[in-house]
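Chain by chain, the residues:
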Amino acid sequence: MTKNIYINNIAFNQIINNNKNIEGRLLRGLFKNLKEKEIIQFVCNKTKKKCKALINSIVIYNSIHCFLENENINCIIHKCKGLDHALNIYKKHYPKILDNKFKIIAIHFTKI
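Thresholds, definitions, all that
Residues numbered from 1 in each chain as written. Predicted model: local features only at pLDDT ≥ 70, side-chain atom pairs only at ≥ 80, totals over all residues. Heavy atoms only, no water. Salt bridge = Lys/Arg side-chain N within 4 Å of Asp/Glu carboxyl O. Disulfide = S-S within 2.5 Å. Buried < 20%, exposed > 50% of the residue type's maximum accessible area, 1.4 Å probe, protein only. Pairing = 2+ DSSP bridges. Helix = DSSP H or I, 4+ residues; strand = E, 2+ residues; numbered from the N terminus. Axes fitted to C-alpha atoms, helices over the stretch in contact; angles between N-to-C directions. Lys, Arg positive; Asp, Glu negative; His and termini not counted. Contact = heavy atoms within 4.5 Å. Arc of directions from axis to C-beta. Polar contact = N/O pair within 3.5 Å; in protein donor to acceptor, adjacent residues only side chain to side chain.

Undergrad: Can you help me understand the pattern of salt bridges in this one?
TA: Opposite charge on two side chains allows them to pair when their charged atoms are near. A complete count under the given rule lists 3 salt bridges for this structure. The salt bridge partner of K20 is E23, with a shortest N-O separation of 3.0 Å. Through salt bridges with shared partners, a single network forms among K20, E23 and R25.

Undergrad: For this particular structure, what's the right way to read the state of the cysteines?
TA: Linking two cysteines covalently via their sulfur atoms produces the bond known as a disulfide. Within this structure, the stated rule accounts for 0 disulfides. Unpaired in terms of disulfides, C66 finds its nearest cysteine sulfur in C80, a separation of 17 Å. Among the residues examined, C66 registers a relative accessible area of 31% and is labelled partly exposed.

Undergrad: What exactly am I supposed to notice about the sheet that holds strand β1 (residues 3–7) here?
TA: Strand pairing in a sheet is mediated by backbone hydrogen bonds. Such pairs are either parallel or antiparallel. The 5 strands are arranged β1-β3-β4-β5-β2 in an open sheet whose pairing can be described as mixed. At either margin of the open sheet sits one strand with a lone partner, and together these are β1 and β2 (22–26). Averaged over all neighbouring strand pairs, the angle between strand axes comes to 40 degrees, with direction disregarded. Pairing of β2 with strand β5 (residues 104–111), which is carried by 5 bridges, proceeds in the antiparallel orientation. The residue of β5 that forms the bridge with E23 is I107.

Undergrad: Is there a simple way to think about the side chain of E71 in this case?
TA: Tracing the backbone shows E71 in the loop between α2 (64–70) and α3 (73–76). K20 is the oppositely charged side chain nearest to the buried, salt-bridge-free E71, at an N-O distance of 11 Å. Leave out the neighbours within four places in its chain, and E71 touches I22, V59, Y61, I76, A106 and H108.

Undergrad: Is there a simple way to explain helix α1 (residues 9–16) in this structure?
TA: Because the α-helix completes a turn every 3.6 residues, residues three or four places apart line up on one side. Three or more residues of α1 are buried, namely A11, F12, Q14 and I15. Buried residues along α1 cover an arc of 160 degrees about the axis, so they all sit on one side. For α1, the N-terminal capping position is held by N8, with its side-chain oxygen 3.0 Å away from the main-chain nitrogen of I10. Once α1 finishes, N18 follows within two positions and takes phi at roughly 60 degrees, a positive value.

Undergrad: When you look at unusual backbone geometry in this model, what are you seeing that I'm missing?
TA: Although it is not a glycine, N18 sits at a positive phi angle of roughly 60 degrees. Among the secondary structure elements, N18 is positioned in the loop between α1 and β2. The class for N18 is exposed, based on a relative accessible area of 57%. Phi at K37 takes a positive value of approximately 75 degrees, unusual for a residue other than glycine. Relative to the helices and strands, K37 is located in the loop between β2 and β3 (39–44).

As structure tokens, then:
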């Protein structure tokens with residue numbers, strides 16, 4: 001069964017336009033059970049449009065800082081203005097992300 005990953009309209013459009021191929025999430029819930037070569041489905045929160053993707057690889061990081069410093073930020077957030085900009089975006093969705101209580105999963109994918 002395909003797992004749905006709900007994302008905001010901006011991120012969804014970046015995937016559709018091939019500007020985003022890494023999704024970063026807290027390592028909890030369904031994200032703990034994702035596997036390489038699995039097909040996932042991104043669902044736009046606003047429009048409910050869907051887009052399937054193949055997970056190419058998964059990398060686990062101990063903190064949001066490690067994640068953003070070791071991945072290509074522009075593949076996570078298209079036209080990102082740097083580390084502080086990326087941190088501010090993640091803090092909007094995960095207010096306590098800087099507490100480092102959760103590991104971060106980097107999902108490298110290809111739109112199919």
